[in-house]
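Read off the chains here:
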Amino acid sequence: MRDAKRQQLLEKKRRIAAPVVVAVLPLSADVDVSRFFHGLRHACEHGGSSINGDDADVETDILMSAGPLHPTTVHVAARPRVRLTILPPPSDRSDPLAVADLGRCAELLLLLLHGGESPAGGSGVDAAGQSAMAVMRAMGMPPVVCCVVGAAGSGSGAAAAAVAASMKERSAAKKRAEKALATHVAGEHRILHADTAADMAAVVRHLVEHPPAAPPLWRQQRPGIMVERAEYEPLPEESAAGPGPSAEFTASPGAGPGGTLVVYGYVRGAGLSANQLVTVPGGGDYRILSIHAPRDPNALGAGRPLHVAAKPMEAETEAEATAAGMEMDQGAASGDVGPGRLIAQPDPEEADQLVRENVPEPGAEEQTWPTDEEMAAATAPRTRRRKVPEGTSEYQAAWILDGEDYGDEEEEEEEGEEEDFGDDPYGMDADGASTSGGRAAGRQRGDSGGGMQMDLEEGDEVAPELQTIPDDDDDAGTDAGDTAMLMDEEGNGEEGGGYVAALEAVKQARRARRGNLGSEQELAQLEFPDEVDVPLNTMASVRFQKYRGLKSLRTSAWDPKESLPAEYARVFAFENFKRAHKRAREAQQRTTQDLDPCGVSSGSYVAIRIGGVSPSAAARVTSHVDAAAAGSVVPLTVFGLLQHEAKLSVVNFALRKATGYTAPVANKEELLFVTGLRSFTARPVLSTDDPGLDKHRTEKFLHAGQQAMASVYAPIMYPPLPLLAFKLAPPGKVAQLAALGRLSSCDPDRINLKRIILTGIPSRVHRRRATVRFMFHNPDDVRWFKPVELFTKYGRRGRITEPLGTHGAMKCLFDSPLQQRDTVCMALYKRAFPVWPKDMGFAER
């Protein structure tokens, strides 16, 4: 086993790997990035032996006079087999989208800190640097190497930075860098100086001797290609395509309409299979037509400087590379289609199909005749628990009529005896007469399942008994607004403006209380959550016909397949999400281990021909690639998708509000979601993240310091995967990072419930009994919502006993004495669904 592992390690080292992508990111505007970038490139190409003494100043001047910064691939002079691709920092470090693109492709991150003392006594990291580090942490921080630039600190510019500082100044600069870095990057990291030519040679030597560790896990699971060059081959008979990159999704095995996009780059991370789908940023999801092996432009023979001497093994490798290049050229001349030699083609039987939406079967929603098993289950006797005298046998209990219940709460309350409210909180008969009456009323109104429902199944356990809570003797204390709400019994029956005037006084008092919070809607939601008013001219049973009451979010049943919208027929669902993820990983591992005949190994330089690309999408991609070659933007990264990762489903993300972001993030507000694979706009449904519950309450705002779950329609993704949510900015302005999170699951059966709270005011209170007004305006509504449990803001729990009068007043009974200043509430729930996306491309930038 030891020999096998050693041989495997040697083979891995002998294999020509892809150049290591080293990204440069300054954390302060005082850092001279141009001098560092050119100095690092020169140290890689020439090493530290050619720069000695006064030649350092001359060489620095030459490097300073070089052109603009752009991605450069260099060979290390000491070890020509080691190649580095140095990426310049984004032109605007305050743009979080550009930093996120940098996090997609960087394998090693060089953080630049200024060595001088901060004039304001700060940490040396400015606001743009802090924002960039927050984005990099959210995307998955790659291995980090910190470099201190300008340790002299006595001046500014290239001349002062090139002067070697004293040992004391260098030590102080290094300590300041350690302190500044500790707040942004966890763990211990190597800190190097980068002022002189010797320092640059030490930085390069550290990069060579300490190769970067594994990238974040989400990048290890999928192949990634940083695009170095892109070409577009339009079809001759192609007509003008419609707008959008994703209008060509089809279930047919052939490519959709559009031309062919050819992207060049190294395969990084896992191996790439021609049977996989790929996602192109700014383009969409596409199928692979073929994979070719063009001549590596950064090979030893093509890109190594002439003054670098080749060792015997290197010469042999160079000869092999030259022979391979000749073979590629011969293969291309012999008639192979595409740039270079054809090395992989998709298998028609094994290739993933490009399907975005599910096509429901015709007639699937029609009513069918029940089967024998369903009829047997419907006619089977169901057991239920009834309240019978103690010591009653099962035979004696069978003779007790359903309408008879042991004991009478009304009589016991009139006699002054204290009863346990928890035994029967709804006061229903054994057969649920109150619920049956409510449903019968709903049938008379013509409602088909949309009326009030209570999820009290037969056989449920009785609620635990509540302890008796003593009265507070503070019933006389009322608010100023509550005093205006009280009306005597004679005024209750007046027609005209008496009731309307009292109701308006109640609403004004509520507005006055909520107005103390100012215009902060988020604070108002925290203080008065989900409170709504019943309209005066509309019956509550009609206005809230889609809502129902729940006894408990934890124990009450809610069928996840009930009353689904039409959009749910177009999404995909997993029978077992974890098992599907495991199979997708196993298929990807076979490609990485060179067991897939249609795949290529990691580290290969390939040209991927992608079919079905519209001219508009190809124009966006090629223009971005050209801008990246010039150094103005960050290069694109094309990712290979795992199995099923192009199909549409309901994806749930765990979100937290970004530190320092104070603007409210509302429910179903349009946000830009940036994951490791895609960028798309969505209007998520925010809900609570309660472990152990199958039902989750929606939130109107994303509150600071609290984690929420965001549910959207999006392509299937497998965890782990990062998420950055941005507020959409006007054209010409930088997007603001609003929330950070991660992928949680892909589950259309997640139940998100929108809650509303109807409130009423107790007008007369006698111990545990109270007359509640202004919750409803019609006695029929009181009877309709009678099965729903009541609660108060002071923790009491109760139920409706009967309506009173003609204006919606009602008598209520509570589990303990009620205070006059309390507020009676009723919670109703309705299932909430995400908003259907406008664009099916999911490739916005």
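Not measured: the values here are computed from a predicted model.

Visitor: What should I look at first to understand the overall build of the protein in this one?
Guide: For the protein, the helix and strand inventory stands at 23 helices and 31 strands. When each of the 845 residues of the protein is scored for burial, the buried share is 47%. Taking all contacts inside the protein whose residues are at least 6 apart in sequence as the whole, residues at least 24 apart take part in 81%.

Visitor: Please explain unusual backbone geometry as it appears in this structure.
Guide: Where the residue is not glycine, phi is negative for most of them; where a peptide bond is considered, it is trans in most cases. Proline 719 connects to proline 720 through a cis peptide bond whose omega is 0°. With a phi angle near 60°, aspartate 594 is a residue other than glycine that sits in the positive phi range. Among the structural elements, aspartate 594 can be located in the loop between α21 (577-592) and β15 (599-600). For phenylalanine 842, which is not glycine, the phi dihedral falls at a positive 50°. Looking at the secondary structure, you find phenylalanine 842 in the segment after β31 (824-831). On the accessibility criterion, phenylalanine 842 (2% relative accessible area) is buried.

Visitor: When you look at the confidence of the model for the protein in this model, what are you seeing that I'm missing?
Guide: Within the protein, residue pLDDT values average 77, and 72% of them lie at 70 or more. This stretch, residues 153-164, has a pLDDT under 50; its non-local contacts, to residues over four places away or in other chains, come to 14 contacts. Within the model, pLDDT remains below 50 along residues 238-255, and this stretch shows 44 contacts once partners closer than five positions in the same chain are excluded.

Visitor: In this structure, what is going on with the sheet that holds strand β25 (residues 736-746)? I would like to understand it.
Guide: Paired through backbone hydrogen bonds, the strands of a sheet run either parallel or antiparallel to each other. Taken in spatial order, the seven strands line up as β20-β19-β24-β25-β18-β23-β21 in an open sheet, and their pairing is antiparallel. If you trace the sheet from one side to the other, it starts and ends with β20 (679-682) and β21 (685-688), each paired once. Along the sheet, successive strands turn relative to each other by an average axial angle of 35°, direction set aside. Where strand β19 (residues 671-675) lies against strand β24 (residues 722-727), five bridges are found, and the strand directions are antiparallel. Bridge pairing in β24 places phenylalanine 673 opposite alanine 725.

Visitor: What is the right way to look at the pairing of β24 in this model?
Guide: Taken residue by residue, a regular strand's side chains alternate between the two faces of the sheet. The buried count for β24 comes to six of six residues, which makes it a mostly enclosed element. Direction of pairing for β24 relative to β25: antiparallel, over a ladder of six bridges. The residue of β25 that forms the bridge with lysine 727 is glutamine 736.

Visitor: Is there a simple way to think about the sheet that holds strand β1 (residues 20-26) in this case?
Guide: In spatial order, the strands read β2-β3-β1-β4-β5-β6; together these six strands make up an open sheet with mixed pairing. Across the chains shown, the open sheet's two edge strands, defined by having one partner strand only, are β2 (72-75) and β6 (191-193). Adjacent strand axes in the sheet meet at a mean angle of 30° when their direction is disregarded. As paired strands, β2 and strand β3 (residues 83-87) are joined by four bridges and run antiparallel to one another. Its bridge partner lying in β3, threonine 72 is registered against isoleucine 86.

Visitor: It is not clear to me how helix α4 (residues 96-105) should be interpreted in this structure. Could you clarify?
Guide: Because an α-helix packs 3.6 residues into every turn, residues spaced three or four apart end up facing the same way. For α4, the tally of buried residues reaches nine of ten residues, placing the bulk of the element in the interior. Buried within α4 are the following residues: Pro96, Ala98, Val99, Ala100, Asp101, Leu102, Gly103, Arg104 and Cys105. Two to three positions downstream of the cap, the backbone nitrogen of leucine 97 sits 3.3 Å from a side-chain oxygen, assigning the N-cap of α4 to aspartate 95.

Visitor: In this structure, what is going on with the packing of aromatic side chains? I would like to understand it.
Guide: Working definition: an aromatic ring pair is given by the centre-to-centre distance plus the angle between the planes. The tally for this structure, following the rule as stated, stands at 13 aromatic pairs. Ring centres of phenylalanine 544 and tyrosine 547 lie 5.8 Å apart, and the angle between their planes is 80°; this geometry places the pair in the edge-to-face category. Considered together, phenylalanine 544 and tyrosine 547 belong to a single accessibility category, that of buried residues. Plain terms: the ring middles of phenylalanine 653 and phenylalanine 673 are 5.7 Å apart, the flat faces sit at 90° to each other, and that makes the pair edge-to-face. Linking phenylalanine 653 in strand β18 (residues 648-657) with phenylalanine 673 in strand β19, this pair joins segments that are 20 residues apart in sequence. Among the residues examined, phenylalanine 673 registers a relative accessible area of 0% and is labelled buried. Clustering of aromatic rings is evident, with ring pairs tying together Tyr568, Tyr713, Phe833 and Trp836.

Visitor: Would you explain the pattern of salt bridges in this entry?
Guide: Where charged atoms from two side chains of opposite charge come close, those side chains can pair. For the structure on display, the rule yields 22 salt bridges. Between arginine 678 and aspartate 285 there is a salt bridge; the shortest N-O distance is 2.9 Å. Taken together, the residues span a long stretch of sequence, with arginine 678 in the loop between β19 and β20 and aspartate 285 in strand β12 (residues 284-293) at a distance of 393 residues. The same class applies to arginine 678 and to aspartate 285, which are both buried. Across the pair glutamate 562 and arginine 548 runs a salt bridge whose closest N-O atoms are separated by 2.8 Å. Here the residue glutamate 562 occupies a position in the loop between α20 (540-543) and α21, and arginine 548 occupies one in the loop between α20 and α21, the gap between them amounting to 14 residues. A residue is classified by how much of its surface remains accessible, and glutamate 562, at 25% relative accessible area, is partly exposed. Via salt bridges that share partners, Asp530, Arg697, Glu699 and Arg755 belong to a single interconnected network.

Visitor: Quick question: what am I supposed to make of the environment of leucine 112 here?
Guide: Here leucine 112 lies in strand β4 (residues 108-114). Residues leucine 112 and valine 145, 33 residues apart in the sequence, show an inter-C-alpha distance of 8.8 Å. The residues contacting leucine 112, other than those within four sequence positions of it, are Val24, Leu25, Pro26, Leu27, Ser28, Val31, Phe36, Cys147 and Val149.

Visitor: Is there a simple way to think about the nonpolar core in this case?
Guide: General note: in soluble globular proteins, nonpolar side chains tend to be found buried as a group. Counting 86 residues, the largest nonpolar core has Leu111, Phe653, Phe673, Met717 and Leu724 as the members making the most contacts within it. Here this core gets six residues from one element, more than from any other, and that element is helix α5 (residues 127-139). Here leucine 111 is in contact with Leu25, Leu27, Met133, Val144, Val145, Cys146, Cys147, Leu181 and Val185, once residues within four sequence places are set aside. If you look at the next biggest cluster of nonpolar residues, it comprises 28 residues, including Leu40, Ala43, Val74 and Met200.

Visitor: Before we go on, may I ask you to explain helix α7 (residues 167-182) in this structure?
Guide: Taking 1.5 Å per residue, 16 residues should reach 22 Å; α7 reaches 23 Å between its end C-alpha atoms and fits that length. Among the structural elements, β4, β5 (144-149), β6 and α8 (197-209) are those in contact with the buried residues of α7.

Visitor: Looking at this model, I keep getting lost on the packing of helix α2 (residues 33-46) against α8. Mind explaining?
Guide: Packed helices, taken two at a time, are described by their axes: the angle between them and the distance between them. Between α2 and α8, whose axes approach to 9 Å, the crossing angle comes to 70°. The pairing of α2 with α8 is recorded here as roughly perpendicular in orientation. The handedness of the crossing between α2 and α8 is right-handed. Side by side, α2 and α8 meet where Phe36, Gly39, Leu40, Ala43 and Cys44 of the first sit next to Met200, Ala201, Val203 and Val204 of the second. Partitioning the contact of α2 with α8 into residue classes produces eight nonpolar, one polar and no charged.

Visitor: Hey, could you run me through the side chain of lysine 695 in this one?
Guide: Its place among the elements puts lysine 695 in strand β22 (residues 695-697). In this structure lysine 695 comes out as buried when scored by relative accessible area, which is 0%. Reaching out from lysine 695, the side chain makes a polar contact with the backbone oxygen of leucine 553 at a distance of 3.1 Å. A polar atom in the side chain of lysine 695 sits 2.5 Å from the backbone oxygen of serine 556. For lysine 695, the contacting residues outside a window of four places in its chain are Leu550, Ser552, Leu553, Arg554, Ser556, Trp558, Ile751 and Leu753.

How each quantity is defined
- Residues numbered from 1 in each chain as written.
- Predicted model: local features only at pLDDT ≥ 70, side-chain atom pairs only at ≥ 80, totals over all residues.
- Heavy atoms only, no water.
- Helix = DSSP H or I, 4+ residues; strand = E, 2+ residues; numbered from the N terminus.
- Buried < 20%, exposed > 50% of the residue type's maximum accessible area, 1.4 Å probe, protein only.
- Contact = heavy atoms within 4.5 Å.
- pLDDT = per-residue confidence, 0-100.
- Pairing = 2+ DSSP bridges.
- Axes fitted to C-alpha atoms, helices over the stretch in contact; angles between N-to-C directions.
- Polar contact = N/O pair within 3.5 Å; in protein donor to acceptor, adjacent residues only side chain to side chain.
- Phe/Tyr/Trp six-rings, centres within 6.5 Å; stacked < 30°, edge-to-face > 60°.
- Salt bridge = Lys/Arg side-chain N within 4 Å of Asp/Glu carboxyl O.
- Core = buried A, V, L, I, M, F, W, Y, C linked by side-chain atoms within 4.5 Å.
- Expected span 1.5 Å × (residues − 1).
- Parallel < 35°, antiparallel > 145°, perpendicular 65-115°, else oblique.
- Left-handed = near helix turned anticlockwise from the far one by under 90°.
- Nonpolar A, V, L, I, M, F, W, Y, C, P; charged D, E, K, R; others polar.

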